[in-house]
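Inside the fold
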Amino acid sequence: MKPARSILITGASSGIGRALALAYARPGVALALTGRDDDRLAAVAAAARGQGAEVETGVLDVRDQAAVAQWIAELDQRRPLDLAVANAGITTGLAPSEIREDPQAVRAVLGANLIGVLNTVEPLIGPMCARGRGQLAFVGSMAGLRGLPYAPAYSAAKAAVHTYAESLRGRLEPRGVRVSLIIAGFVKTPLNARIEAMKPFELSDAEAARIIRRGLDRGQAVVAFPWQLYLATRLARALPARLIDKIMARIEVNVPETQERVP
Ligand SMILES: NC(=O)c1ccc[n+]([C@@H]2O[C@H](COP(=O)([O-])OP(=O)(O)OC[C@H]3O[C@@H](n4cnc5c(N)ncnc54)[C@H](OP(=O)(O)O)[C@@H]3O)[C@@H](O)[C@H]2O)c1
């Protein structure tokens, strides 16, 4: 595949999105970066410009369908996008003593992690297919491979993203548009720092970004890392469901409830 030169990344003001922006930033590359925190987004943009990239930013909430559609359509008309990475997301979950997630927190997670992803890619499906080229990348999670008892809504949102990406791949690739699903394990970011758990094979955001970029450059259908956790999760799926439930019940995990609520 030709290297992407015009790239949109949502959730670029922090963590994986920020690291990915810096992994792509170089002369000849135009980055369109979004997030909600103006100052953090501006700092990432300045760092990417320092590496020679052309950068524009949009302070946007990915749940705002109209605003996201307008920004992306305008961007894509001016400079057709080679790659869009739907990365923005939040987490929520349960402490060991809790049994029910707050319904408004659940809706906030589905809003950002699922509806936000749809809002990001929908405006690009038509134009990319018309051009017969482009790449849509979705940031999923190991949590999307198997429902985690510590994070029901987060797992469900990621599983939906995985299935959506898979469906889209079958539909769009014959029309020249690549679809890549990123299945990430633990990556050191502010989102991950809030979670109290064993974090096997945890990677830095820069390492994760390097792996993601390499996979996307190659046009991989699935970019899953770390491979050890991916393999273990895939193998675990072959075991009886209640056995996995029992094993997971023995692992102490505390995923704090998000402060986000539906707007
Ligand atoms: N870190 C991990 O271990 C891990 C593992 C698997 C998957 N992931 C996934 O990786 C993605 C990035 O997470 P991260 O770990 O890098 O977290 P992070 O450091 O907290 O960054 C999240 C980014 O998403 C943006 N964002 C959140 N809600 C948004 C909204 N409603 N509208 C627009 N932007 C929004 C944030 O922007 P503002 O801060 O500016 O609002 C921020 O830039 C998420 O989809 C997450 O589920 C992470």
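In this report, the structure presented in the accompanying data block is examined. (Residues numbered from 1 in each chain as written. Predicted model: local features only at pLDDT ≥ 70, side-chain atom pairs only at ≥ 80, totals over all residues. Heavy atoms only, no water.)

Burial along strand β1 (residues 6-9) is two-sided: S6 and L8 facing one way and I7 and I9 facing the other are all buried. In this sheet, strand β2 (residues 30-35) lies alongside β1 in parallel orientation, the contact comprising four bridges. Paired with I9 across the two strands is L33, which belongs to β2. Viewed along the sheet, the connection from β1 through helix α1 (residues 15-24) into β2 turns out right-handed. Pairing between β1 and strand β4 (residues 83-86): three bridges, direction parallel. Within β4, the residue paired with L8 across the bridge is A84. (Buried < 20%, exposed > 50% of the residue type's maximum accessible area, 1.4 Å probe, protein only. Helix = DSSP H or I, 4+ residues; strand = E, 2+ residues; numbered from the N terminus. Pairing = 2+ DSSP bridges. Right-handed = clockwise from strand over helix to strand, strands pointing away.)

One open sheet holds the seven strands; their spatial order is β3-β2-β1-β4-β5-β6-β9, and the pairing between them is parallel. Each edge of the open sheet is held by one strand with a lone partner, namely β3 (54-59) and β9 (222-225). The average undirected angle you get between the axes of adjacent strands in this sheet is 15 degrees. For β4 and strand β5 (residues 135-141), the ladder comprises four bridges, and the chain directions are parallel. The residue of β5 that forms the bridge with A84 is L136. (Axes fitted to C-alpha atoms, helices over the stretch in contact; angles between N-to-C directions.)

For residues other than glycine, phi is negative in most cases, and the peptide bonds are mostly trans. Residue P226 is bonded to the preceding F225 through a cis peptide linkage, with omega at -10 degrees. Within the element layout of this structure, P226 appears in the loop between β9 and α8 (227-236). Although it is not a glycine, F201 adopts a positive phi angle of roughly 60 degrees. As for its placement among the helices and strands, F201 is situated in the loop between α6 (190-193) and β8 (203-204).

Moving on to the packing of aromatic side chains. Applying the stated criterion to the full structure yields one aromatic pair. Here F138 and Y164 contribute two aromatic rings whose centre-to-centre distance is 5.9 Å and whose plane-to-plane angle is 75 degrees, an arrangement assigned as edge-to-face. In this pair, F138 is assigned in strand β5 and Y164 in helix α5 (residues 152-172), connecting sequence segments 26 residues apart. Residue class for F138 comes out buried when judged on its relative accessible area of 0%. (Phe/Tyr/Trp six-rings, centres within 6.5 Å; stacked < 30°, edge-to-face > 60°.)

By the secondary structure assignment, T34 is in strand β2. Overall, the relative accessible area of 3% leaves T34 in the buried class. Each C-alpha atom of the pair T34 and R234 lies 33 Å from the other, and the pair is 200 residues apart in sequence.

For the rest of this paragraph, the subject is the site of the ligand. As a matter of local geometry, the ligand sits amid 31 residues, with S13, S14, D37, Y154 and T189 nearest to it. Within the contact set of the ligand, an oxygen atom lies 2.8 Å away from a side-chain nitrogen or oxygen of R36. In the complex, the protein chains occlude 94% of the 890 Å² of accessible area that the ligand would expose alone. Secondary structure elements with two or more residues in the shell around the ligand: α1, β5, α5 and α6. (Near = heavy atom within 4 Å. Polar contact = N/O pair within 3.5 Å; in protein donor to acceptor, adjacent residues only side chain to side chain. Areas by Shrake-Rupley, 256 points an atom, 1.4 Å probe, with all protein chains shown as cover.)

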